[in-house]
Amino acid sequence: MKIICIGRNYADHTAELQHARPDEPVVFIKPDTAIAQSNLPFFIPEFSNDVHHEVEVLVKINRIGKHIQSKFAHKYYNEIGLGIDFTARDVQQKLKSNGLPWEKAKAFDGSAVVGKWFEKSTLGDLTTIPFALYKNGTIVQEANTSLMLWSIDEIIAYVSQYFTLKIGDILFTGTPAGVGAVEKNDKLEGFIHERKAFSVTVK
Ligand code: MG
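Residues numbered from 1 in each chain as written. Predicted model: local features only at pLDDT ≥ 70, side-chain atom pairs only at ≥ 80, totals over all residues. Heavy atoms only, no water.

Enquirer: So what about the overall build of the protein chain? Which residues, and what values?
Expert: Regarding its fold elements, the protein chain presents four helices and 13 strands. Relative to the compact-globule value of 17 Å for 203 residues, the protein chain shows a C-alpha radius of gyration of 16 Å, a close match. Considering only C-alpha atoms, the protein chain reaches an extent of 45 × 40 × 30 Å along its principal axes. Within the protein chain, buried positions represent 50% of all 203 residues. Working note: accessible area of the protein chain is about 9600 Å², and carbon and sulfur atoms make up 50% of it. Charged side chains of the protein chain number 23 positive and 24 negative; the gap between the two group centres comes to 4 Å. (Helix = DSSP H or I, 4+ residues; strand = E, 2+ residues; numbered from the N terminus. Rg over C-alpha atoms; globule rule 2.2 N^0.38 Å. Buried < 20%, exposed > 50% of the residue type's maximum accessible area, 1.4 Å probe, protein only. Areas by Shrake-Rupley, 256 points an atom, 1.4 Å probe, with all protein chains shown as cover. Lys, Arg positive; Asp, Glu negative; His and termini not counted. Charge placed at Lys NZ, Arg CZ, Asp CG, Glu CD.)

Here is the structure:
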């Protein structure tokens with residue numbers, strides 16, 4: 001399986017990183033080895049001094065597809081989740097300033113936290129899902145899928161022009177504002193519609 005991630009999908013986060021609003025989605029991929037083991041803490045990698053949390057709504061693909069039209073995209077997933085796209089911001093800044101690919105900053109082992117899955121039918125209108133990330137009990141990222149520049153169905157249509165979607169693939173749909181560095185012993189908890197999706201300790 002593969003993890004397809006969207007960058008800069010919320011205007012407020014795009015602004016906080018001082019990026020221009022993109023004309024089309026920013027796309028990158030994490031390998032399956034990026035998925036964090038759910039029973040283990042997140043270990044800050046030795047190569048970074050500035051790992052940021054990015055809470056994101058996730059979509060699990062349940063049908064194979066290519067060139068999927070937006071109006072049919074809803075047939076390709078039944079479960080929605082919440083996760084973290086851990087980002088070695090210092091490594092990413094260096095790569096970006098040299099015009100190089102982001103993988104070392106984005107796709108390292110353990111960089112993809114995948115929380116609990118929820119049947120989409122239990123989440124109401126998928127274009128207005130509230131979600132939040134708490135760090136040590138304090139809310140640090142709070143948003144709603146209504147603030148996405150590209151909706152889940154539009155993302156599926158866009159990425160499936162380039163990549164065949166397969167059963168079990170996961171989409172990370174981008175992070176809202178409020179990203180920040182994590183430190184040892186931080187506790188990160190994600191909620192979607194007040195429902196707890198994950199709890200991760202940083203080591
Ligand atoms: Mg992200």
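Here the narrative resumes, following the displayed structure.
Enquirer: Give a detailed account of the side chain of N9, specifying residues and quantitative values.
Expert: Here N9 is to be found in the loop between strand 1 (3-7) and helix 1 (11-16). Non-local contacts of N9, meaning those with residues more than four positions away in its chain, are made with L147, M148, L149, W150, I155, T173 and G174. (Contact = heavy atoms within 4.5 Å.)

Enquirer: I'd like to hear about unusual backbone geometry, residue by residue, with values.
Expert: Of note in this structure, H67 is not a glycine but carries a positive phi near 50°. The residue H67 is located in the loop between strand 4 (55-61) and strand 5 (77-85) in this model. Its identity as a non-glycine residue notwithstanding, N136 has a phi of 50°, on the positive side. You can see N136 is positioned in the loop between strand 8 (130-135) and strand 9 (138-144).

Enquirer: If you had to explain the pattern of salt bridges to someone new, which residues and values would you point to?
Expert: Summed over the entire model, instances satisfying the criterion amount to eight salt bridges. Notably, a salt bridge pairs D85 with K106, separated by 2.8 Å at the nearest N-O pair. Here D85, found in strand 5, pairs with K106, found in helix 3 (residues 103-106); they are 21 residues apart in sequence, far enough to count as distant. Across this residue pair, the class does not change: D85 and K106 are buried. Among the salt bridges present, the one from E189 reaches K187, with a minimum N-O distance of 3.9 Å. A relative accessible area of 14% means that E189 is categorised as buried. When its relative accessible area of 37% is taken as the criterion, K187 is described as partly exposed. A single network of salt bridges, built from pairs that share partners, joins K30, E54, D85, R89 and K106. (Salt bridge = Lys/Arg side-chain N within 4 Å of Asp/Glu carboxyl O.)

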